[in-house]
Amino acid sequence: HARCVVLCELSAAVADHLLPWVDLSASGAAGSLAHELCALKPLIFSKAKERFWAKLKETTKKEGNQPRLRFDRHKANRAVEAREAAAAAGGKGAGGGGGGAAAARLGSDAAVGGAAAESTLFEQLLEQIDGLSSSGFRRAAATSGDGEHRGIDVSMLASSEKAFSVSFVSEAGQDAGGPYRETLDNLCAELHSAALPLLVHTPNATQLNALDRDKRMFNPAARSAAALRQFELMGALIGIALRTNAPLPFELSGYTWKLLLGEAPNVGDL
């Protein structure tokens, strides 16, 4: 009981009085306050961290019109099918072991044979957001006439928000949330396919008892300027998922998540 009391006081003190003053981007510097604070992360209650995260999202939201994006799903399906077929053919030609390399070649060229003029949803998104301000995707949650929230928790409000509205080429309909959610799911599915070069299976994909079996890691061969730009967009999608409480099924290995968080992986992660 005494230990629980200490943890409660620690969580409240850190969330209310310390976190707002610490630059967490310096967490990689050993000995810094940010580094020591991040080392305490397992001891801080999730609710305390969630309250701080909700306040952070509320503070950094922007007023303005919601970006309107248009996608051609038929073109995207043709692009994905053509690239996956070419990747499968490349894997067979290399005795079954060249699928990852084939996927990397496909993504770097961004086109395969007859699919040269086709674009995946992910590539269509990349084309449309060039020139748009990132603040446009951090729209404020709906408020009542007096500017105050309608007595609803900020995190609950955010779950109903969309970072952008969606329309489909040659498809009628209004985006009330379904097309937006479907687009996010399809974008994530493309990232985990051979149609894009960013993610590949971890080397232990064939080991039955491996901890991160069937998980993905960053493709070390995707180092072109175009690939780095796509990695930035993938990071933006993760940011959108966090800001709008819309989980996306990113199947990344624990090692990869640690690298994204700026933490040092250990032998256990390997």
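Rules and cut-offs
Residues numbered from 1 in each chain as written. Predicted model: local features only at pLDDT ≥ 70, side-chain atom pairs only at ≥ 80, totals over all residues. Heavy atoms only, no water. Phe/Tyr/Trp six-rings, centres within 6.5 Å; stacked < 30°, edge-to-face > 60°. Helix = DSSP H or I, 4+ residues; strand = E, 2+ residues; numbered from the N terminus. Buried < 20%, exposed > 50% of the residue type's maximum accessible area, 1.4 Å probe, protein only. Lys NZ or Arg CZ within 6 Å of the ring centre and 35° of its normal. 1 Å grid on protein atoms, 1.4 Å probe; cavity = no way out; pocket = protein on both sides within 12 Å on 5 of 7 lines; lining within 4 Å. Points joined across faces, edges and corners; volume = space filled by probe spheres on them. Nonpolar A, V, L, I, M, F, W, Y, C, P; charged D, E, K, R; others polar. Expected span 1.5 Å × (residues − 1). Arc of directions from axis to C-beta. Contact = heavy atoms within 4.5 Å.

## Thoughts on the packing of aromatic side chains
For the structure on display, the rule yields 2 aromatic pairs. Arranged with centres 5.6 Å apart and planes meeting at 80 degrees, the rings of F218 and F231 form a pair that is edge-to-face. Here the residue F218 occupies a position in strand β4 (residues 216-218), and F231 occupies one in helix α9 (residues 225-244), the gap between them amounting to 13 residues. Overall, the relative accessible area of 26% leaves F218 in the partly exposed class. Owing to a relative accessible area of 18%, F231 belongs among the buried residues under this scheme. In this structure, R73 packs its charged tip against the face of F168, placed 4.0 Å from the ring centre.

## As for the layout of surface pockets
Over the atoms, a rolling probe the size of a water molecule traces out where space has been left empty. In this structure, the largest pocket occupies an estimated 1,300 Å³ of space. What lines the largest pocket is a set of 33 residues, among which L24, K41, W53, L261 and E263 lie closest to the centre. Across the lining of the largest pocket, the residue classes tally to 22 nonpolar, 7 polar and 4 charged.

## A closer look at helix α1 (residues 2-18)
End to end, α1 covers 23 Å across 17 residues, agreeing with the expected 24 Å (1.5 Å per residue, within 8%). Residues S11, V14 and A15 constitute the buried set of α1. In an axial view of α1, the angular spread of the buried residues amounts to 90 degrees, which keeps them on one side of the axis. The exposed set on the far side of α1, more than 90 degrees from its buried face, consists of A2, V6, E9 and H17. Those residues of α1 hidden inside the fold are in contact with α2 (33-39) and α3 (46-59).

Everything listed here is a matter of coordinates, which is why it stays silent on function.
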